[in-house]
Structure formats: C-alpha cells, structure tokens
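Structural features, examined
As a plain string of letters, each chain reads:
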Amino acid sequence: MSYPYNRHIPFGKRSRRYRKQAYIEIKNKIRRHAPVLGGLFTTHDFMHGKNGWIDGFFLGRKAPIFYNFVLDTTRNMYKERVRELAFDRSYEIVPDCEFGIFDAMVTDSETGMWTTTPADPMHFTQFGGLSRDEWVEQQIPIIANERVVQVFEEWTLHNDYGYGVGLHATIDVPYLTIEAVNDFIPRFMEFKAVFHSRVALTYSHDEIERWGIESNAIVDPDKWQE
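Computed from a predicted structure; not experimentally measured.

**Overview of the pattern of salt bridges**
One pass over the full model with this rule turns up eight salt bridges. Here Glu214 and Lys79 are joined by a salt bridge, their closest N and O atoms 2.9 Å apart. Of the two residues, Glu214 is situated in the segment after strand S10 (195-196) and Lys79 in helix H3 (residues 74-93); the sequence distance between them amounts to 135 residues. Among the residues examined, Lys79 registers a relative accessible area of 6% and is labelled buried. Linking Arg147 and Glu207 is a salt bridge whose minimum nitrogen-to-oxygen distance equals 3.0 Å. Here the residue Arg147 occupies a position in the loop between helix H4 (132-146) and strand S8 (154-158), and Glu207 occupies one in the segment after S10, the gap between them amounting to 60 residues. Among the residues examined, Glu207 registers a relative accessible area of 42% and is labelled partly exposed.

Okay, here's the thing in structure tokens:
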C-alpha cells in the first residue's frame, strides 16, 4: 500500500478524512482487481489455487469501514500447531542451548559493521544424533497421526489495527481459492461477530498435501497473467 501511517493509532480513532481516503483506496483496488478476484476483495498475495493462507482487504457494509484480514485454512493452522507442539516437545527433551544469530556476531575490521557467519546446527544424542530441526521434522508425522492437536473454524475482530478493522479467520476449506474467499465474505458479513465452531478438526499426516512452512509470492493481481 502507498499510505504512510502510524500503526499504533487504531483506525477508529483516526480522522474521518483519513478513514474516508483509506476506504476509497481499498474500494478502488477491489474494483481494479475485480476481473481477477470477483469484486469482493483484494490481496497482494499470489493465489495459485492451493494457498494455505492469504491476507487482504474487503469492504464493510457502510463506509468508511473495511476489513484488513488474515485468512487461514484449518489445515494450515493444523500444520502450524503440530509444528509448535513438536518444538515444545523438543525443548522438554533438550533445553534451549543453541547459539542464536546474535551470539556469533563480530565486528568487521575493515567496515566496522557487525557481521555473522551462520553456525553449523548442534546435534544431540537425545535426538539420536539429529539436530533440533531434523528431530522436529521427524516428529511431525507422528504428532499429526496422534490427532492430539485440534483446530476449529473461527474468526476474531481486532480494533487495534491502524488500517481498517483487523480480522483473523480460519475456515474449513482444503485451500484458499478465489471462490473460497468470495464464499467466506458474505458468510462473515451476515453476522460480523466473533465466531468459534464447536466442531473440533484433526488431520492425519496423509490428509495434508504439503507440510512445509508456506510463503506467498507478493504479486499484484493485475500482473498474475503476465
């Protein structure tokens, strides 16, 4: 986005002029990206049909309200929670004793700048000779198949955002396709309230296609076809 703003001032406490200008900017982006995204939202995340998460914006029913959203699938949230549990278990076995990035920093004699050389990962007998990261990756299928982690469809509103109303949502779809996002928006707008499903969801390791940490390419929808 091209706007300067102090993120520590909540959007609702900003001047009406500022909120109106921000609303118009988002409205124009949604209109410009409508041929690709359908006219309900805008995002700078490239949507390839198998996204686990995206962020973006859509308009409220009345100006100058718009929503600044982060949207996850329940599968992506499950992956994150399983990975977190694997790390937690690793620290129960071996406390945090690895060097951090700042521990290896030294001053360059020529430039005077601080530099660092990545250290080789430590390996532990408690992990069968593996590094912590290697052990965590080994544990992920085991924990997933234990089904001790539960996730839910849910969303929360956050009025401390400096640009729009914050919305964090997790929805039960395999991937965040354009169609899935367009289906979610009217569903949210019907109530516009905090929601937490009572249905707990779990997945086996084989039910999730990709277990790596997901990142999205930042590409304006106008350029997706180039």
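**Observations concerning the nonpolar core**
In this structure, Phe41, Ile54, Phe58, Leu71, Phe184 and Phe188 are the most contacted members of the largest nonpolar core, which totals 22 residues. Looking at this core, the elements that each hand over two or more residues are strand S2 (53-59), strand S3 (66-73), strand S9 (165-171) and helix H5 (178-191). For this core, the element with the highest residue contribution is H5, accounting for six residues. Setting aside residues up to four positions removed in sequence, Phe41 forms contacts with Ile30, Met47, Ile54, Phe57, Phe58, Phe69, Ile178, Val181, Asn182 and Ile185.

**Considerations on the sheet that holds S10**
Spatial strand order, S1-S2-S3-S9-S8-S10: six strands in an open sheet with mixed pairing. Each edge of the open sheet is held by one strand with a lone partner, namely strand S1 (41-42) and S10. In this sheet, S2 lies alongside S1 in antiparallel orientation, the contact comprising two bridges. Bridge pairing in S2 links Thr42 to Phe57. Strand contacts of helix H1 (residues 16-32): S1, S2 and S3, with the helix running at about 115° to S2, the strand carrying the most contacts.

Analysis parameters
Residues numbered from 1 in each chain as written. Predicted model: local features only at pLDDT ≥ 70, side-chain atom pairs only at ≥ 80, totals over all residues. Heavy atoms only, no water. Salt bridge = Lys/Arg side-chain N within 4 Å of Asp/Glu carboxyl O. Helix = DSSP H or I, 4+ residues; strand = E, 2+ residues; numbered from the N terminus. Buried < 20%, exposed > 50% of the residue type's maximum accessible area, 1.4 Å probe, protein only. Core = buried A, V, L, I, M, F, W, Y, C linked by side-chain atoms within 4.5 Å. Contact = heavy atoms within 4.5 Å. Pairing = 2+ DSSP bridges. Axes fitted to C-alpha atoms, helices over the stretch in contact; angles between N-to-C directions.

That is the geometry; function is a separate question.
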